[in-house]
Amino acid sequence: MHTYDVVVVGAGNAAFCAALAAREKAQKVLVLERAPEVESGGNSRFTAGLMRVAYDGVEDLKRVMPDLSAEEIARSDFGTYSADQFLDDMARVTEYRCDPDLTELLVKRSLDTLAWMRTKGVRFTAAWGRQAFNIGGKFKFWGGLTVEAVGGGPGLVESLTNAARKNGIEVWYSARAVDLIRDDDGVKGVRVKRNGRTIDVHAKSVVLAAGGFQANPEWRARYLGPGWELAKVRGTRFNTGDVICMALDAGAAPAGNWSGCHAVAWERNAPEFGDLAIGDQFQKHSYPWGVYLNAQGKRFVDEGADFRNYTYAKYGRVILSQPGQFAWQIFDAKVKAQLRDEYKIRQVTKRTANTLEELVRQLDGVDADAALAELKAYNAAVRTEIAFNPNVKDGRCTKGLPIPKSNWANTLDTPPYEAYAVTCGITFTFGGLRINTDAQVLDTDGAPITGLYAAGELVGGIFYFNYPGGSGLTNGAVFGRIAGTSAAR
Ligand SMILES: Cc1cc2nc3c(=O)[nH]c(=O)nc-3n(C[C@H](O)[C@H](O)[C@H](O)COP(=O)(O)OP(=O)(O)OC[C@H]3O[C@@H](n4cnc5c(N)ncnc54)[C@H](O)[C@@H]3O)c2cc1C
């Protein structure tokens with residue numbers, strides 16, 4: 001007989017935050033991980049560990065990063081990212097659909113939750129490498145994303161796993177939840193397939209934190225729409241939606257944007273699922289400094305509509321809808337130094353040429369004549385009288401094009417030119433289970449299901465259409481902690 005106070009399904013960021021919070025009150029806590037230990041940690045392990053947090057200045061940041069030195073503070077302009085700004089960003093990018101109560105919790109608990117994680121042994125640092133530009137010797141942060149876990153996603157999962165062990169939380173690897181044990185009084189445990197054997201694990205409460213359904217091509221086509229089975233999966237192959245399914249079977253209500261997801265520009269020849277050795281480096285996020293072309297040789301999206309943080313998560317869908325589901329990103333030598341590290345890995349599909357005429361002929365699958373005409377029309381439309389400034393939305397735009405570029409429009413005039421082939425990489429799905437502010441799962445009549453809690457990617461109602469970068473981990477941490485606390489009560 002396996003009996004626990006709290007069983008947590010999943011072993012990513014949300015799950016471990018839930019387990020650690022539960023363990024503050026409960027004696028016996030078990031984490032069930034479907035993946036074997038070498039592939040454990042879910043999508044959380046694939047991340048850069050960037051976490052969006054509201055702060056009113058460096059004193060707030062020091063709660064999360066007490067190791068910041070005086071010298072580091074002196075050479076950084078962290079600015080502020082107030083709770084109001086975070087709320088505004090959530091509302092704006094989700095087109096005012098995000099659940100107001102859950103979003104308020106996400107924002108208002110963000111700083112406190114990261115400070116709590118720090119007390120559990122997770123270390124954070126400022127994201128100098130990714131989210132700040134050096135201006136006159138000072139690193140100026142932009143886009144509301146200042147904090148990252150030391151060691152990125154792998155470091156985050158390692159610290160959380162160590163914290164769980166230190167706190168006496170049991171972790172079972174290769175242990176897949178296959179059903180909920182329940183009766184008329186609610187959920188009483190989880191049926192688990194472990195090393196080929198089916199085991200019943202009884203518990204006072206169960207927290208579901210097993211990710212979305214992005215790794216399930218059949219569900220992608222069913223819910224996201226035709227063509228989505230062709231997307232590459234950026235992260236773990238284990239988030240197939242089966243835990244969402246078992247909760248729905250138990251009467252849980254679905255919530256949120258079931259046809260929506262986070263999806264980005266991703267190396268065209270990347271494997272079907274994420275590769276932990278590469279992590280997030282298949283992404284190609286420097287498009288604001290260049291232009292996109294599709295198979296017809298046409299631009300198809302405003303590459304400079306906003307800071308990368310606020311557009312990257314919705315442009316994967318735009319790429320998927322292009323003929324052949326691919327696109328090329330084109331840059332010239334002027335912006336080469338600004339290309340992110342992910343452009344320097346070996347596993348890129350890249351073309352280089354000294355003239356645009358030569359370049360377009362090398363773009364596999366593209367109408368070269370149309371592409372050349374498009375690039376020339378783009379060059380002619382750039383308002384070069386406006387200064388280029390990557391730190392602000394500089395308003396350096398194009399004029400008169402059917403698809404404008406609104407900021408950072410540089411002419412492509414300095415060889416060598418570079419082109420990178422991308423397709424759509426899906427990160428996670430937005431639809432999931434309905435929860436209340438105690439992270440209790442609600443049934444289709446709106447009542448809490450006794451003993452059942454949920455957090456992270458498999459919760460619906462928080463993200464719609466788009467997503468402010470770095471909110472996924474914060475979402476998992478905030479609601480994981482709430483779910484764990486509620487489950488142990
Ligand atoms: C390449 C990449 C980069 C990213 N970068 C960032 C970033 O920098 N910042 C950010 O905020 N977000 C980022 N994200 C998004 C982020 O990964 C997710 O929002 C977040 O990690 C979700 O956490 P989670 O705990 O809900 O799910 P996960 O971390 O995916 O954990 C789900 C867990 O459930 C397990 N599981 C699944 N089914 C079962 C089952 N039946 N039984 C038992 N266990 C099961 C899985 O194996 C896994 O351990 C990125 C995602 C990817 C793929």
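A.B. asks: Tell me about helix α1 (residues 13-23), and name the residues and values.
C.D. replies: Most of α1 is tucked away: 10 of the 11 residues are buried. Along α1, the positions that sit buried rather than exposed are Asn13, Ala14, Ala15, Phe16, Cys17, Ala18, Ala19, Leu20, Ala21 and Ala22.

A.B. asks: Before we move on, could you go through the sheet that holds strand β6 (residues 132-135) and cite the residues and values that matter?
C.D. replies: Spatially, β4-β7-β6 is the arrangement adopted by the 3 strands of the open sheet, whose pairing is mixed. Strands at the two margins of the open sheet, each flanked by one partner only, are β4 (76-77) and β6. Where β4 meets strand β7 (residues 138-141), 2 bridges bridge the pair, whose relative direction is parallel. Residue pairing across strands places Asp77 opposite Lys140, the latter belonging to β7.

A.B. asks: Describe the nonpolar core, with residues and values.
C.D. replies: Core analysis: the biggest nonpolar cluster contains 143 residues, and Met117, Phe124, Leu208 and Phe479 have the highest contact counts within it. For this core, the leading source of residues is α1, giving 9 residues. Ignoring any residue separated from it by four or fewer positions in sequence, one finds Phe479 in contact with Leu102, Leu105, Leu106, Ile435, Ala439, Ala455 and Ile462. Residues Leu359, Val366, Ala371 and Leu401 belong to the second largest nonpolar core, which totals 25 residues.

A.B. asks: Now, about empty space enclosed by the protein: what can you tell me, with residues and values included?
C.D. replies: Taken as a whole and judged by the stated rule, the model has 2 cavities of 30 Å³ or more. Roughly 30 Å³ of volume is contained in the second largest cavity. In the lining of the second largest cavity, the residues fall into 5 nonpolar, 3 polar and 1 charged.

A.B. asks: Residues and numbers for the state of the cysteines, please.
C.D. replies: For the structure on display, the rule yields 0 disulfides. Free cysteine: Cys424, not disulfide-bonded; nearest cysteine sulfur from Cys261 at 6.4 Å.

A.B. asks: Explain the pattern of salt bridges to me, using residue names and the numbers behind them.
C.D. replies: This structure, assessed with the given rule, holds 32 salt bridges. In this structure, Asp242 and Arg176 form a salt bridge, with 2.8 Å as the shortest nitrogen-oxygen distance. Of the two residues, Asp242 sits in helix α10 (residues 242-249) while Arg176 sits in strand β10 (residues 175-183), which places them 66 residues apart along the sequence. Among the residues examined, Arg176 registers a relative accessible area of 32% and is labelled partly exposed.

A.B. asks: Before we move on, could you go through helix α5 (residues 100-108) and cite the residues and values that matter?
C.D. replies: Of the residues making up α5, those classed as buried are Leu102, Thr103, Leu105, Leu106 and Val107. Summarising the contacts, the buried residues of α5 are in contact with α4 (83-93), α6 (110-120) and α14 (471-488). Here α5 starts with a cap whose side-chain oxygen sits 2.9 Å from the backbone nitrogen of Asp101, and that cap is Asp99.

A.B. asks: Go over the packing of aromatic side chains with me, naming the residues and quoting the values.
C.D. replies: The final tally for this structure, using the stated rule, is 25 aromatic pairs. Among the aromatic residues, those joined into a cluster by ring pairs are Phe213, Trp219, Tyr223 and Trp258. Here Arg92 stacks its cationic end above the ring of Tyr310, 4.8 Å away from the centre of that ring.

A.B. asks: Which residues make up the site of the ligand, and what are the values?
C.D. replies: Around the ligand lies a shell of 40 residues, among which Glu33, Asn43, Ser44, Leu50 and Asn239 are the nearest. Within the backbone of Ala11, an N or O atom sits 3.1 Å from an oxygen atom of the ligand. For the ligand, the accessible surface in isolation is 1,000 Å², of which the surrounding protein chains cover 97%. Mapped by element, the contributors of at least two residues to the shell around the ligand are α1, β10, α10, β19 (417-429) and α14. In the shell around the ligand, the residues fall into 16 nonpolar, 17 polar and 7 charged.

The rules we used
Per chain, residues are indexed from 1 in the order of the written sequence. At least 70 in pLDDT is required for a residue's local features to be given in this predicted model, at least 80 for side-chain atom pairs to be given and counted, and no such filter applies to totals for whole chains, interfaces and linings, which use all residues. Calculated side-chain values reflect all of the structure's heavy atoms, with hydrogen atoms and water omitted. Here's how the labels work: a residue is buried when its accessible area is under 20% of the maximum for its type, exposed when over 50%, partly exposed in between, all with a 1.4 Å probe on protein chains only. The helix and strand labels rest on DSSP assignments: H or I over at least four residues marks a helix, E over at least two residues marks a strand, and numbering proceeds from the N terminus. Paired strands, as defined in this entry, are two strands with at least two bridges between them according to DSSP. The definition of a nonpolar core used throughout is a set of buried Ala, Val, Leu, Ile, Met, Phe, Trp, Tyr and Cys residues joined through side-chain atoms within 4.5 Å. Contacts are residue-level and defined by heavy atoms, with any inter-residue pair within 4.5 Å sufficient. Points on a 1 Å grid over protein atoms alone make up a cavity when a 1.4 Å probe fits among them but cannot get out, and a pocket when they form an open set with protein on both sides within 12 Å along at least five of seven lines; lining residues each have an atom within 4 Å of a point. Grid points are joined across faces, edges and corners, and a volume is the space filled by probe spheres set on the points. Three categories are distinguished: nonpolar for Ala, Val, Leu, Ile, Met, Phe, Trp, Tyr, Cys and Pro, charged for Asp, Glu, Lys and Arg, and polar for the others, with Gly belonging to the last. For the purposes of this analysis, a disulfide is any pair of cysteine sulfur atoms at a distance within 2.5 Å. Should a side-chain nitrogen of Lys or Arg be within 4 Å of a carboxyl oxygen of Asp or Glu, the pair is scored as a salt bridge. Two N or O atoms form a polar contact when they lie within 3.5 Å of each other; inside protein one atom must be a possible hydrogen donor and the other a possible acceptor, and for residues adjacent in sequence the pair counts only when both atoms belong to side chains. Aromatic pairs are defined between Phe, Tyr and Trp rings, using the six-membered ring for Trp, whenever the two ring centres lie within 6.5 Å; interplanar angles under 30 degrees are classed as stacked, those over 60 as edge-to-face, and all others as tilted. Either the NZ atom of lysine or the CZ atom of arginine qualifies as a charge over a ring when it sits within 6 Å of the ring centre and within 35 degrees of the ring normal. For this purpose, a residue is taken to be near a molecule or strand whenever a single non-hydrogen atom of the residue falls within 4 Å of it. Accessible surface area values rest on a Shrake-Rupley calculation with a 1.4 Å probe, where residue burial reflects the displayed protein chains alone.

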